[in-house]
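Notes for the structure review
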Amino acid sequence: MAILDILTLPDERLKQPSVAVVHFDQALQAFIDALDETRRAGPAAVGIAAPQVGRHQRIVIIDCSGRPKTVNHGHLVLINPEITHWEGFEIGREGCLSVPDYTGNVIRATRLQLKAQDPEGGPLEFVMEGFEARAVQHELDHLDGLLFVDRVVSRRTDLYRRRVYKKGGAAN
Amino acid sequence: MTDWNIVTLVGQDRPGIVARVTRVLYEAGCTLGEASMIRLGGSFTILLMVSGSRPNAELEAALAPVAAELGLRVHLDQVQGGLHQHLVPNIQVRVTGADRAGIVAEVTQCLTDQGFNILDLESDVVGNARAPVYIMNIQGTCARTLEDLEQALAGLTTRGISVDVSPIELMIG
Ligand SMILES: [Zn+2]
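Residues numbered from 1 in each chain as written. Chains lettered and ligands numbered in written order. Predicted model: local features only at pLDDT ≥ 70, side-chain atom pairs only at ≥ 80, totals over all residues. Heavy atoms only, no water.

**A word on the overall build of chain B**
The secondary structure content of chain B amounts to four helices and nine strands. From first element to last, N terminus to C terminus, chain B shows the α and β order β-α-β-β-α-β-β-α-β-β-α-β-β. For 173 residues, the compact-globule estimate of 2.2 N^0.38 gives 16 Å, and chain B exceeds it by more than 25% at 20 Å. With the C-alpha coordinates of chain B rotated into their principal frame, the extents come out at 55 × 45 × 30 Å. Looking at the 173 residues of chain B, the share that counts as buried comes to 38%. (Helix = DSSP H or I, 4+ residues; strand = E, 2+ residues; numbered from the N terminus. Rg over C-alpha atoms; globule rule 2.2 N^0.38 Å. Buried < 20%, exposed > 50% of the residue type's maximum accessible area, 1.4 Å probe, protein only.)

Following this line, the structure appears as structure tokens:
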């Protein structure tokens, strides 16, 4: 199986929205296998999205199972994923296979509900939180032509938020 | 390896400083690298990596007119190294407490003793003049466990400083 080339910034194709998968066939499965091998060949990536290898279809792979103390659903192939509900927000640090040598802070929902299809077209539904929810939001952004660099917040934002949290008495 | 200068500029804050300074550097043929620019108190401070293929005297001469006009003090340091040397922090330490002398030294000494390498420290004094509160956010790398760090910092808590240690989880996707 071939490891695919990963597009990197400033490749314009990373900004192109992806379209829904309609054919759940052998070709799709072969692509998923190659996409996952590409993810695993990279630097400790927990997720990858099809447009990162120049295929503009709504396909992402997530696997947070290798991380200790992380609530997760294991290895997931999500076709045509859609977030149906989200709540809370939190700042966390992200990097991206398509943005080498850079990490930055991004605000993401802490908890979400997700609908998707499996590689055979069957329905999937998940409730996710924390790190895994962050990974899903990052990958779904890729499907809409967005990179985390489009969402990076100032280092100072954290101090500010922290103070707001404390005033509100919310736990953190 | 490319030669870099770190250019420091400090002066009374006013709109347009960054645009003017970077325009001058661009027109002098300089390449800009990493930068930290922030308002501290009423001053605007710039720390900026500038490619140093030109002699320092030339760079200083290029900056002199805009520095004089905007009232900026300029300092140049030729440095080793260059771009693409980022370290990723794995621990965040947040500190808050009634402002008093020595708070930064106490916390950072404690961290240093644990082999903590500070990559980024930002602090602020908030509240009001009669009851100032010190807030500090430190990010860095440390091989010790969270528990070790917490234990090491526990002594500070009893002296009225609130210290929160948390992991920075990097998500790559
Ligand atoms: Zn990414």
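**Things to note about the overall build of chain A**
Within chain A, the regular secondary structure consists of three helices and seven strands. Element order for chain A, N to C, with α for helix and β for strand: α-β-β-β-β-β-β-β-α-α. Considering chain A as a whole, with its 172 residues, one finds that 47% of them fall into the buried category. At a minimum sequence separation of 6, the contacts of chain A that also span at least 24 residues come to 66%. Carbon and sulfur atoms make up 52% of the accessible area of chain A, which amounts to about 8,600 Å² in all. (Contact = heavy atoms within 4.5 Å. Areas by Shrake-Rupley, 256 points an atom, 1.4 Å probe, with all protein chains shown as cover.)

**Topic: the coordination of the zinc ion**
Distances from the zinc ion to its protein donors, C96 of chain A (SG), H138 of chain A (NE2), H142 of chain A (NE2) and G173 of chain B (O), fall within 2.0 to 2.3 Å. Around the zinc ion sit four donor atoms; with metal-centred angles ranging over 91 to 142 degrees, the donor geometry is irregular. On the criterion of chain membership, the pair formed by H142 of chain A in helix α2 (residues 130-143) and G173 of chain B in the segment after β9 (170-172) is interchain, its members lying in two chains. We note that H142 of chain A, like G173 of chain B, is buried. (Donors = N, O, S within 2.8 Å, 3.2 Å for Na, K, Ca; no water. Tetrahedral: all angles 85-135°; square planar, octahedral: opposite > 155°, others 65-115°.)

**Points about the domain arrangement of chain B**
Looking at the assigned domains, one finds that chain B contains domain 1 (4-79) and domain 2 (91-167). Domain 1 of chain B and domain 2 of chain B are separated by 31 Å when their C-alpha centres are compared. (Domains from an automatic or database assignment.)

**Here's the deal with the pairing of strand β7 (residues 123-129) of chain A**
Every regular strand shows the same layout, with side chains that alternate between the two sheet faces. Residue and element names in this part refer to chain A. For strand β6 (residues 111-117) and β7, the ladder comprises seven bridges, and the chain directions are antiparallel. By the bridge assignment for β7, L112 is matched with M128. Where β6 hands over to β7, the hairpin turn is made up of five residues, of which G121 adopts a positive phi near 95 degrees. (Pairing = 2+ DSSP bridges.)

**Observations concerning the environment of I46 of chain B**
All names here are of chain B. Secondary-structure assignment places I46 in strand β3 (residues 43-51). For the pair I46 and V18, spaced 28 residues apart in the sequence, the C-alpha separation amounts to 8.3 Å. Excluding residues that lie within four positions of it along the chain, I46 makes contacts with V7, T8, L9, I17, S36 and M37.

**Here we look at the sheet that holds β9 of chain B**
Read across the sheet, three strands follow the order β5(A)-β4(A)-β9(B) without closing on themselves; strand pairing throughout is mixed. Each edge of the open sheet is held by one strand with a lone partner, namely β5 (99-108) of chain A together with β9 of chain B. The average angle at which neighbouring strand axes cross in this sheet is 35 degrees, direction not considered. Pairing analysis gives three bridges linking strand β4 (residues 90-96) of chain A to β9 of chain B, with the strands arranged parallel. Considered in β9 of chain B, the bridge of E94 of chain A is made with M171 of chain B. Along the sheet, α2 of chain A makes contact with β4 and β5 of chain A together with β9 of chain B, crossing β4 of chain A at roughly 55 degrees. (Axes fitted to C-alpha atoms, helices over the stretch in contact; angles between N-to-C directions.)

**Topic: the interface of chain B and chain A**
Facing the 24 residues of chain B at the interface are 27 residues of chain A. Carbon and sulfur atoms make up 47% of the surface buried where chain B meets chain A, a total of about 2,300 Å² over both sides. Scanning the region where chain B abuts chain A turns up one salt bridge. In this structure, E169 of chain B and R67 of chain A form a salt bridge, with 3.4 Å as the shortest nitrogen-oxygen distance. (Buried area = accessible area lost by both parts, 1.4 Å probe. Salt bridge = Lys/Arg side-chain N within 4 Å of Asp/Glu carboxyl O.)

**Some words on the sheet that holds strand β2 (residues 32-40) of chain B**
Residues and elements named next belong to chain B. Pairing is antiparallel across the open sheet formed by four strands, whose spatial order is β2-β3-β1-β4. Each edge of the open sheet is held by one strand with a lone partner, namely β2 and β4 (72-79). Across the sheet, the mean angle separating the axes of adjacent strands is 15 degrees when strand polarity is ignored. Bridge count for strand β1 (residues 4-12) against β4 is eight bridges, and the pairing is antiparallel.

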